[in-house]
Amino acid sequence: MNPRLTTENSKLRTEPAPRFTHHRTLGLAYLALSTIALLAGTALSLLMRLHLAWPAWSLPLHGLILPEEYLGLVTLHGTLMLFFVLTIAPQWGFGNLLVPAQIGASSMAFPRWNRAALILFATALSTLLASPFVPGGSAISGWTAYPPLSAITIAGPGQAGGMDLWLAAIAFFALASLVAAVNMLATIITMRCPGMAWHRLPLTVWGWFTAALLSIPAFSVLLAALLMLFSDRHLHTSFFLPATEVVNGLVLHSPGDGSPLLWLHLFWFFGHPEVYIAVLPGIGLTSMVLANFARRRVFAYRIMIAVTLLIGLLGILVWGHHMFVAGLSPFAGSTFAISTMAIALPASAEVLSWLATVWGSKPRLTTPMLFALGFVSLFVAGGLTGPILAQPILDQYLHNTMFVVAHFHLIMAMAGVFGLYLATYYWFPLLAGRMLNDGLGRVHFYATLLGAYATFLPMHLAGLAGEPRHYAQLTGVAGPAGTLLKNLLPLQRHITYAAIFLAAAQLPFVWNLVRTLSGPRTASANPWAATTMEWAPAPVTPPEAAASSHFAVPCVYVGPCEYSPDGNSFHPQWEPLTKVLPKE
Amino acid sequence: MPATLTPPQLEPRRVIDTPRDADNGAGGRPPVDKRTGGNGDDGGDDFERAAAGRRGPRERLATARIGLAFSLFGILLIFVGLVSAFLVTKSSYHVDAYDRVINSWLPTALPTILWLNTAVLFISSVTAELARRAMFHEQSIMDEWFGLGKPTSKRATVWLAVTLVFGMLFLVGQWVAWLQLQMQRVYYASNSSGHFFYLITAAHALHLFIGTALLIGALAVLRSSKQFATRQIWVDTTVWYWHAMGVLWVALFVLLDFFQ
Ligand code: HEM
Ligand SMILES: [Cu+2]
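Residues numbered from 1 in each chain as written. Chains lettered and ligands numbered in written order. Predicted model: local features only at pLDDT ≥ 70, side-chain atom pairs only at ≥ 80, totals over all residues. Heavy atoms only, no water.

What about the overall build of chain B?
What counts, and what does not: Every helix listed is a DSSP run of H or I at least four residues long, and every strand listed is a run of E at least two residues long, numbered separately from the N terminus. Each residue's exposure class comes from its accessible area (1.4 Å probe, protein chains only) as a fraction of the maximum for that residue type: buried when under 20%, exposed when over 50%, partly exposed otherwise. Only heavy atoms matter for contacts: two residues are in contact if any of them lie within 4.5 Å across the pair. Residue exposure ignores everything except the shown protein chains as possible cover, and the areas themselves are Shrake-Rupley values with a 1.4 Å probe.
Looking only at helices and strands, chain B has seven helices and two strands in total. Going through the 260 residues of chain B one by one, you find that 48% of them count as buried. A separation of at least 24 residues holds for 73% of the contacts in chain B among residues at least 6 apart in sequence. Accessible surface for chain B amounts to roughly 13500 Å². Of this, 66% is attributable to carbon and sulfur atoms.

Things to note about the coordination of the iron atom of ligand 1
Four donors placed tetrahedrally around a metal ideally meet at 109.5 degrees, and six donors placed octahedrally ideally meet at 90 or 180 degrees. All names here are of chain A. Here is the rule: Distances decide who is a donor: an N, O or S atom must be within 2.8 Å of the metal, or within 3.2 Å for Na, K and Ca. Water is not included, so sites may look incomplete.
Within the protein, a single donor atom binds the iron atom of ligand 1, namely H407 (NE2) at 2.3 Å. For the pair the iron atom of ligand 1 and the copper ion (ligand 2), the metal-to-metal distance amounts to 4.6 Å. With respect to the secondary-structure elements, H407 resides in helix α14 (residues 402-432).

Digging into the site of ligand 1
All names here are of chain A. Operational definition: We call a residue near a molecule or strand when any one of its heavy atoms sits within 4 Å of it. By the criterion applied in these results, polar contacts are pairs of N or O atoms within 3.5 Å in which, for protein atoms, one can donate a hydrogen and the other can accept it, and in which residues neighboring in sequence qualify only through two side-chain atoms. Charged residues are taken to be Asp, Glu, Lys and Arg, nonpolar residues to be Ala, Val, Leu, Ile, Met, Phe, Trp, Tyr, Cys and Pro, and polar residues to be all remaining types, Gly included.
Neighbouring residues of ligand 1: 20 residues in total, closest D395, H399, H407, F408 and R469. D395 places a side-chain nitrogen or oxygen 2.5 Å from an oxygen atom of ligand 1. Elements with a minimum of two residues in the shell around ligand 1: α8 (260-294), α12 (386-389) and α14. Top contributing element to the shell around ligand 1 by residue count: α14, with five residues. Each residue belonging to the shell around ligand 1 can be placed in one class, and the counts come to twelve nonpolar, six polar and two charged.

A few points about the pattern of salt bridges
Residues and elements named next belong to chain B. Threshold: For salt bridges, the criterion is a side-chain nitrogen of Lys or Arg within 4 Å of an Asp or Glu carboxyl oxygen.
If you walk through the whole model with that rule in mind, you get eight salt bridges over all chains. Between R132 and D236 there is a salt bridge whose closest N-O contact spans 2.9 Å. Taken as a pair, R132 in helix α3 (residues 113-135) and D236 in helix α7 (residues 228-258) lie far apart in primary sequence, 104 residues in all. Given the relative accessible area of 11%, R132 is considered buried. Connected via shared salt-bridge partners are R65, E129, R132, R133 and D236.

Remarks on the coordination of the copper ion (ligand 2)
Residue and element names in this part refer to chain A. Coordination sphere of the copper ion (ligand 2), protein contribution only: H272 (ND1), H321 (NE2) and H322 (NE2), at 1.8 to 2.0 Å. For the copper ion (ligand 2), all donor residues lie on one chain, and their spacing in sequence is H-x48-H-H. Judged by its relative accessible area of 7%, H272 falls in the buried class.

Concerning the nonpolar core
All names here are of chain A. Short version of the rule: Nonpolar core, defined: a set of buried Ala, Val, Leu, Ile, Met, Phe, Trp, Tyr and Cys residues in which side-chain atoms within 4.5 Å join the residues together.
Of all hydrophobic cores here, the largest spans 238 residues; its most connected members are F84, F94 and W427. Considering every element that reaches this core, the biggest residue donor is α8, with 22 residues. Residue contacts for F84: discarding those within four places in its chain leaves S34, A37, T79, A89, F121, A124, L125, L128 and F173.

And the structure:
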């Protein structure tokens, strides 16, 4: 053991009193924002489910849920969850908490820009949460806000003030993401400690890096599109409006000859990379955690780095698969079908690497390990329907049905949430100095896994049977469509019960948090016997030297997964090479 | 740049090891770190011996430049978004009730003052570059380091001020161009090409406006900052930003003038 190091405290815990530009403070603040969004988004989703199963149910203190209110719920739920939970928490919350530690840096590259990003994100969240309270209520266009309706203020009750606030919130969000992404990229490029070569970066850092790299083109293009939509709404332009249009019985003329399709292209050029931004950090963390508890190196480590980058690259080439039925040229349809199916290759490579890493090992089934395995399971279950939706012919039928909702909830929403829980359980000892209870963790895991599948697997069936998404009510429809939807009601009720169960399954986690946080700090410095830098013990710094910039520079000597063949001993990245290890 | 991509195996040969390793634990005075952190120290600006983020002025400059490069990439992509919308709209058509294919694009004739504005912006880039070079003029840096006045900052201040004047001239020129178009009854909302002309030029003007704010910031830093490195970084990144906006303008101007 290096004489300068002590095992008593981990680095994060001995950091000086946090200023509000400190990455740790900011990381926790990002997580706080996401928690608010998660609670609100969950509540809204339960309201949606209750309304779908019992359309006549009236919400206490409010009354019946009107169709436009249902659409408002959908819009707010999707926006909160995708943007404010699954983008902020894994990428900027855990990113800020862990990136500097994992690369051996003492701070992010631009701490004050980091704080600016946080303030912008907070502004965006408050703007969004204020939007239901303006006249007309919140926007009703879904998280994709397709024109022409989103561009015309008289198109619906929420399309005036609510839509404006929605657009403002997303614009703030895009700006914040750009600032945060620049900070993240500059940090990973310039702040790595001596010895931390690119191929020694943990795959988590590669996940954050790739997601940040994707954020820049994605959110820039979104910003451009928002600019145009804003001027269509308020400056009488027609970027996205055709020359003539009938809306709410009124004939509307526009000066130019724009096209709603243009928005679809620009939006999905952002939208598809956005869903990868949401899952890439989880993908990286799953690889590292599986390896850690299987006590094996990640199978094909360097290839996995390339695969992460490849997923990112392909992710910006597939946006057209959201537009198969929107009037895309058939040639473009085939192109996008091929590029989309090409993503299945790197995605399968990830899965193969995960399986090969744990195959035949005797993994310790701790709570983080369980959540990592859960992530794998959901990623496979959700990913299998991807190539199905990627066929233009099949998508004719499936587009805008509950089948798509099932697909993206499994692969993105549930996998993303499992990634967040994985991060929480795994890094809790580091962040709070305490271990979350393993028994409660198991209960939480199995209940959540069961709830997730019970909720989202049946949605495939509803979609195959023809239930469209974004429909407020399945009863009271005339004709054969009405019969079809009525037959689905028992399934709807099951899904709603399952969703309530899923929400209730989070209570053990909350209880676990409360219990653990009120207990003593008992976690050892490296409870998972992990190899990456964030678990390195803090160097002892004599006070008179603490101010010196050169004191106790962390150094990296090996790659991130060095375990002995029997898995009993390991070589952490911070430990100098004393004995000769097999060449990496 | 020195090797941040590090050699495969690193001996812990940091300076601070020496006193501590020599300490045999038998008591005596604790090791005292006498270094000031300046460039005169051994390892002062050495990328491998210092902690990331504390490797001296050269690292700060490199980090700032990398941050700037990614920001410029983002800005570029905003314009890629706008320009691709422009190209698509220009070449799109609809089919009317009589089965005729209609492309309703009416090109906007650009005001000639834009040529003048382009020349002004070009000159401003030259003066900006003179300011930047002044900040990196080795002999004056040495003079300044020895305390013989602030020759670099003085020269850079003059050139930056000139750049600021030309930059504002450009913005005024753009304003005039919009007024001229409006006198010909071409408004933002008139038709598709009007939409794109005004939107693209305004988005660019906004970024140039941010550039003038940066110039003012850099001038303020030149006056007030005691650290030479800070002044250098401000001038350097501001000027690179300015150049990038100049190049962007030329590309946009060519596009709007010749590809309508
Ligand atoms: C890695 C993670 C993935 C995420 C996060 C993800 C996310 C999403 C989301 C959010 C949608 C909803 C679009 C809408 O609002 O209508 C969607 C649709 C779609 N996904 Fe995925 N997806 C992933 C992987 C895949 C894969 C691997 C494929 C194919 C190989 C795929 C193919 C599709 C297709 C074709 C659609 C469009 C369906 C439609 O519009 O009807 N996805 N995906
Ligand atoms: Cu997609």
